Amino acid sequence: MKSLPWWKEAVIYQIYPRSFFDSNGDGEGDLPGITSKLNYVQQLGVDAIWLSPFYTSPNKDGGYDVADPRNVDPRFGSLEDAKELISSAHQLKLKVIADIVPNHFSDQHEWFQAALLAGPGSPERARFHFHDANPDGTPPNNWISLFGGPSWTRVDDGQYYLHLFDSSQPDLNWDNADVHEDFEKTLRFWLDLGVDGFRIDVAHGLVKENVLEHHHDPQSLSNALRLDYPMEPEERNELLLSVPYFDRQGVHEIYRKWRKIFDSYGDREIMAVAEAWVHPPINATKYVRADELHQVFNFDLLTAPFDAAYLFEVINRSIELNSTVDALPTWALSNHDSPRVASRIGDDQSRALAFFVLALPGSNYIFAGQELGLPDGELSDHDRQDPSFIRSNGLIKGRDGARVPLPWSGDISPFGFTTGKPWLPLSQSWKNFTVEHENSDPHSLLNLFRSALSIRRKHLLESQQIEWIESPSHGARGGSILAFKRAAITVVMNLSGEGMDVEFPGEVLFASSGPVQVNVSKKHVPARSCIWISN
Ligand code: BGC
């Protein structure tokens with residue numbers, strides 16, 4: 001088998017540091033807490049961890065509001081703790097991917113504070129998008145923030161600054177040389193500390209054009225950008241083509257420069273994955289051209305229904321589009337910005353889909369807690385902290401549900417996550433989702449994940465191709481069964497509400513629904529489940 005760069009087929013475990021494990025009883029997860037649980041992560045069988053931001057931040061947007069990108073926020077520990085985490089991960093042969101947030105800084109960053117003091121026309125203001133108000137005092141244009149409300153905030157001297165997200169997250173001006181220089185310094189800083197790659201936040205947003213022009217229909221555009229907002233696909237697609245602040249040509253020049261930095265670290269095989277929500281889908285492949293980044297997130301499965309035709313189409317499309325630039329796709333069912341898959345499509349369905357997707361070529365991203373089958377937390381509005389909830393006056397519930405801390409042990413909330421009061425409450429109904437509980441049950445989702453990841457590593461990676469054997473366009477039951485072969489494994493998912501028999505040869509290795517049947521010629525695939533068969 002030819003050896004692939006480590007990231008090509010990596011399974012990457014996303015850790016939201018605030019919610020993973022609290023080592024000091026303050027109710028929030030921290031870096032020493034992560035380090036203390038790395039054995040658990042390694043035993044899961046993943047290749048890498050991606051850490052959501054842990055940098056100095058007033059935490060208005062879960063740390064995606066960075067006030068010092070080259071330091072650790074005291075709530076998470078210290079730089080020494082970061083070094084310790086990275087070296088412990090490496091000892092366990094886990095790679096470490098850090099998050100980099102280049103679209104904006106926090107308003108507490110020293111540059112923004114200096115810009116406020118320096119006043120209109122100053123070099124300090126030129127690092128952001130400061131503009132004068134219109135003669136009637138209104139903002140320079142009518143864009144709506146992605147968290148709701150206007151995307152401009154006025155400062156005392158009357159100028160406005162642009163923020164695509166919260167008003168505490170001023171957008172950086174990537175036409176400014178200081179911005180380029182500072183981010184290159186940040187990349188090298190973390191690479192020199194040992195990280196193996198970056199997840200690039202809002203990778204498609206850095207370069208803005210025509211920041212003084214109005215959009216013809218900002219409210220509809222804002223709705224179209226909200227995945228939970230119902231809209232006819234044609235209307236949404238047309239609006240998404242008109243986003244004035246995403247996916248401009250200039251972003252690719254930035255990534256070409258960054259790629260040279262990554263490559264200068266030689267055989268460390270530094271990688272970067274772009275968070276780029278772009279339209280049409282072919283545009284995403286531009287981010288992974290040979291001289292740019294290594295992976296781009298595929299968000300299709302974060303919103304996909306549990307439907308054979310739909311899944312067949314998005315899986316094929318992703319494989320095909322990526323192949324045009326000689327890349328492999330990425331797959332993710334949950335992350336810190338979207339509802340957890342078990343809550344979105346149901347428990348059985350999410351288990352089936354997880355194992356179907358784990359067998360596909362490319363990289364899989366698993367959001368911590370997904371391996372336990374965690375649903376979204378049950379929160380009251382009083383608990384919510386997401387700026388999108390606050391800025392939309394509660395219209396958008398926001399992303400806190402997916403960010404509720406992990407349950408580790410015991411029978412009583414907060415299930416060993418902290419000895420203090422957790423920053424978001426863990427529901428008492430999570431008793432059977434703890435790591436301790438699932439460890440002791442051989443058929444738990446956690447143990448199934450471990451088996452699947454081990455089989456994947458041993459038997460699937462020798463081929464990067466799949467061959468469909470049952471799908472909406474192959475076979476009579478294509479509306480109910482999706483099946484493909486990859487290397488020595490046949491993967492079968494029954495999407496219907498009734499059990500079905502399939503006659504593929506081989507031994508059933510594993511079933512998402514629980515105990516495995518071995519060596520039977522007719523295999524029963526329970527309703528809403530997935531099985532792997534060794535050919
Ligand atoms: C991150 C979000 C964050 C936003 C602004 C993203 O897409 O994943 O959590 O709120 O960027 O930084």
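Residues numbered from 1 in each chain as written. Predicted model: local features only at pLDDT ≥ 70, side-chain atom pairs only at ≥ 80, totals over all residues. Heavy atoms only, no water.

Observations concerning the UniProt feature "domain: Glycosyl hydrolase family 13 catalytic" (unreviewed entry) in the chain
Those residues carrying the UniProt feature "domain: Glycosyl hydrolase family 13 catalytic" (unreviewed entry) are residues 14-403 in this numbering. Within residues 14-403, the helical portion is 32% and the strand portion 12%, while the C-alpha atoms at the span's ends are 12 Å from each other. (UniProt positions renumbered as here; feature names shortened; annotations may be inferred. Helix = DSSP H or I, 4+ residues; strand = E, 2+ residues; numbered from the N terminus.)

Remarks on the sheet that holds strand 13 (residues 363-367)
Read from one edge of the open sheet, 8 strands run 11-10-9-5-2-1-13-12, paired in parallel fashion. On the outer flanks of this sheet lie strand 11 (295-296) and strand 12 (330-332), each paired with one strand and no other. As judged from the 4 bridges shared by strand 1 (residues 11-15) and strand 2 (residues 48-51), these two strands associate in the parallel manner. Bridge assignment links Y13 to a residue of strand 2, and that residue is I49. (Pairing = 2+ DSSP bridges.)

Considering the environment of Y287
Summarising the element assignment, Y287 is placed in the loop between strand 10 (271-274) and strand 11. For Y287, a relative accessible area of 0% puts it in the buried group. For the pair formed by Y287 and Y255, sequence separation is 32 residues and the distance between their alpha carbons is 7.9 Å. Not counting the four nearest positions on each side in its chain, Y287 is found in contact with A203, H204, D247, V251, H252, Y255, A274, A276, V278, E292, L293 and V296. (Buried < 20%, exposed > 50% of the residue type's maximum accessible area, 1.4 Å probe, protein only. Contact = heavy atoms within 4.5 Å.)

Concerning the site of the ligand
The environment of the ligand is formed by 14 residues, the closest being D61, D201, E275, H336 and D337. The side chain of R199 places a nitrogen or oxygen atom 2.9 Å from an oxygen atom of the ligand. A distance of 2.8 Å is found between an oxygen atom of the ligand and a side-chain nitrogen or oxygen belonging to H336. When the ligand sits alone it has 300 Å² of accessible area, and the protein chains cover 96% of it. Considering only residue class, the shell around the ligand consists of 4 nonpolar, 3 polar and 7 charged. (Near = heavy atom within 4 Å. Polar contact = N/O pair within 3.5 Å; in protein donor to acceptor, adjacent residues only side chain to side chain. Areas by Shrake-Rupley, 256 points an atom, 1.4 Å probe, with all protein chains shown as cover. Nonpolar A, V, L, I, M, F, W, Y, C, P; charged D, E, K, R; others polar.)

Focus on the layout of surface pockets
Approximately 380 Å³ is the volume found for the second largest pocket. Lining of the second largest pocket is provided by 21 residues; of these, W6, E9, D47, R457 and L461 occupy positions nearest its centre. The element that contributes the greatest number of residues to the lining of the second largest pocket is helix 15 (residues 445-460), accounting for 3 residues. The residue inventory of the lining of the second largest pocket, partitioned by class, reads 10 nonpolar, 3 polar and 8 charged. (1 Å grid on protein atoms, 1.4 Å probe; cavity = no way out; pocket = protein on both sides within 12 Å on 5 of 7 lines; lining within 4 Å. Points joined across faces, edges and corners; volume = space filled by probe spheres on them.)

A look at unusual backbone geometry
For residues besides glycine, phi is generally negative; the peptide bonds are generally trans as well. Here the bond from H279 into P280 is cis, since omega is -5°, no more than 30 degrees from zero. Here P280 lies in the loop between strand 10 and strand 11. A positive phi is found at N59, a non-glycine position, where the angle reads about 65°. Assignment of secondary structure puts N59 in the loop between strand 3 (55-56) and strand 4 (68-72). The phi dihedral of N210 falls on the positive side, at around 50°, and the residue is not glycine. Relative to the assigned elements, N210 resides in the loop between strand 9 (197-200) and helix 6 (218-225). Using a relative accessible area of 47% as the deciding quantity, one classes N210 as partly exposed.

Side note on the sheet that holds strand 6 (residues 130-131)
Read across the sheet, 3 strands follow the order 6-8-7 without closing on themselves; strand pairing throughout is antiparallel. The open sheet has two free edges, formed respectively by strand 6 and strand 7 (152-154), since each of these has just one partner strand. With 3 bridges joining them, strand 7 and strand 8 (residues 160-162) adopt antiparallel strand pairing. Bridge pairing in strand 8 places R154 opposite Y160.

Focus: the pairing of strand 16 (residues 489-494)
The element strand 16 is largely enclosed, with a buried count of 6 among its 6 residues. Across the two faces of strand 16 the burial is the same, with I489, V491 and M493 and T490, V492 and N494 all buried. Both strand 15 (residues 481-486) and strand 16 contribute to a ladder of 6 bridges, which runs antiparallel. Residue pairing in the sheet places R486 in a bridge with I489 of strand 16.

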